[in-house]
Amino acid sequence: MRIGFGYDSHRLVPGRALVLGGVKVPSTLGPEAHSDGDAVIHALIDALLGACALGDIGQLFPPSDQQFRDISSRILLKRSLGVLAEKGFQPRNVDVTILLDSPRLGPHVDQMRSVLSADLGIPGTAISVKAKTREGLGPPGQGRVVEAYAVALVEEP
């Protein structure tokens with residue numbers, strides 16, 4: 001077994017949809033990003049790739065490449081899983097923490113787990129998604145930035 005760690009953050013701006021863990025969360029702000037800016041899936045991709053020593057999301061899907069403009073991060077996750085599968089790696093467990101005070105994410109966590117379970121092909125019982133606040137401290141606490149941390153356990157060939 002191998003373990004990987006991932007992190008992602010995006011500034012929140014008007015006029016963009018807030019998508020986290022593959023779920024559209026009602027909000028007046030969304031991530032400033034090249035793709036859809038799903039910080040949860042971006043952190044998860046980095047954790048999966050890191051566990052397999054296969055680089056990071058920016059190497060696999062460079063922001064300078066226009067084919068990834070506004071692309072769903074779920075598509076990027078699917079492609080990343082294909083890269084892992086080519087090398088014989090299989091995800092077994094993931095743990096994600098999201099930092100954002102507003103909007104409240106608790107009501108969306110179960111749906112995020114379901115989406116990630118379907119996309120990863122592992123049971124929901126092997127997926128943890130936690131929403132935390134910064135109690136008003138710093139940009140995440142003021143609703144100006146979303147941050148996500150992920151850990152992935154991957155079985156090697």
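This is a predicted model, so every value here is computed, not measured.

Undergrad: Looking at this structure, how should I read the packing of aromatic side chains?
TA: The description of an aromatic ring pair rests on the distance of the ring centres and on the angle between the ring planes. Evaluated as defined, the whole model comprises three aromatic pairs. Their ring planes at 40 degrees and their centres at 6.3 Å tell us that Phe5 and Tyr149 sit as a pair that is tilted. Residue Phe5 is located in strand S1 (residues 2-14), and its partner Tyr149 is located in strand S7 (residues 145-155); the two are separated by 144 residues in the primary sequence. A ring pair is formed by Tyr7 and Tyr149, whose centres lie 4.9 Å apart and whose planes are at 50 degrees; its orientation type is tilted. One end of the pair, Tyr7, is in strand S1; the other, Tyr149, is in strand S7, and 142 residues separate them in sequence. Classification of Tyr7 by relative accessible area gives partly exposed; the value is 34%. Using a relative accessible area of 28% as the deciding quantity, one classes Tyr149 as partly exposed. Linked through ring pairs, Phe5, Tyr7 and Tyr149 together constitute an aromatic cluster.

Undergrad: How should I be thinking about the nonpolar core in this particular structure?
TA: Buried together is how nonpolar side chains tend to be arranged in soluble globular proteins. Within the largest apolar cluster, 44 residues are counted, with the highest numbers of intra-cluster contacts made by Leu20, Leu44, Leu48, Leu77, Ile98, Leu116 and Leu120. Broken down by secondary-structure element, the contributors of at least two residues to this core are strand S2 (18-20), strand S3 (23-25), helix H1 (39-51), helix H3 (73-86), strand S5 (90-99), helix H4 (109-120), strand S6 (127-132) and S7. The element contributing the most residues to this core is H1, with ten residues. Those residues in contact with Ile98 that lie beyond four places of it in its chain are Leu20, Val40, Leu105, Met112, Val129, Lys130, Ala131, Lys132, Val146, Glu147 and Ala148.

Undergrad: Explain the pattern of salt bridges to me, please; I cannot follow it from the model alone.
TA: Here the idea is simple: oppositely charged side chains can pair when their charged atoms come close. Counted under the stated rule, the structure contains eight salt bridges. A salt bridge links Arg134 to Glu147, with the shortest nitrogen-to-oxygen separation between them at 3.1 Å. A residue pair is termed long-range when its members are at least 10 positions apart, and Arg134 in the loop between S6 and helix H5 (138-141) and Glu147 in strand S7 qualify at 13 residues.

Undergrad: What exactly am I supposed to notice about H4 here?
TA: Given 3.6 residues per helical turn, the α-helix brings residues three or four places apart onto the same face. With twelve residues, H4 should reach 16 Å at 1.5 Å per residue; the first-to-last C-alpha distance of 16 Å fits that figure. Those residues of H4 that fall on the buried side of the exposure criterion are Val109, Met112, Val115, Leu116, Ser117 and Leu120. Positive phi appears at Gly121, one or two residues downstream of H4, with a value of about 70 degrees.

Undergrad: What exactly am I supposed to notice about the layout of surface pockets here?
TA: Sizing a probe to match a water molecule and rolling it over the atoms shows the empty space that remains. When its volume is computed, the largest pocket comes out at roughly 180 Å³. His34, Ser35, His42, Phe61 and Pro63 are, among the 13 residues lining the largest pocket, the residues nearest its centre. Tallied by class, residues from the lining of the largest pocket come to seven nonpolar, five polar and one charged.

What counts as what
Residues numbered from 1 in each chain as written. Predicted model: local features only at pLDDT ≥ 70, side-chain atom pairs only at ≥ 80, totals over all residues. Heavy atoms only, no water. Phe/Tyr/Trp six-rings, centres within 6.5 Å; stacked < 30°, edge-to-face > 60°. Helix = DSSP H or I, 4+ residues; strand = E, 2+ residues; numbered from the N terminus. Buried < 20%, exposed > 50% of the residue type's maximum accessible area, 1.4 Å probe, protein only. Core = buried A, V, L, I, M, F, W, Y, C linked by side-chain atoms within 4.5 Å. Contact = heavy atoms within 4.5 Å. Salt bridge = Lys/Arg side-chain N within 4 Å of Asp/Glu carboxyl O. Expected span 1.5 Å × (residues − 1). 1 Å grid on protein atoms, 1.4 Å probe; cavity = no way out; pocket = protein on both sides within 12 Å on 5 of 7 lines; lining within 4 Å. Points joined across faces, edges and corners; volume = space filled by probe spheres on them. Nonpolar A, V, L, I, M, F, W, Y, C, P; charged D, E, K, R; others polar.

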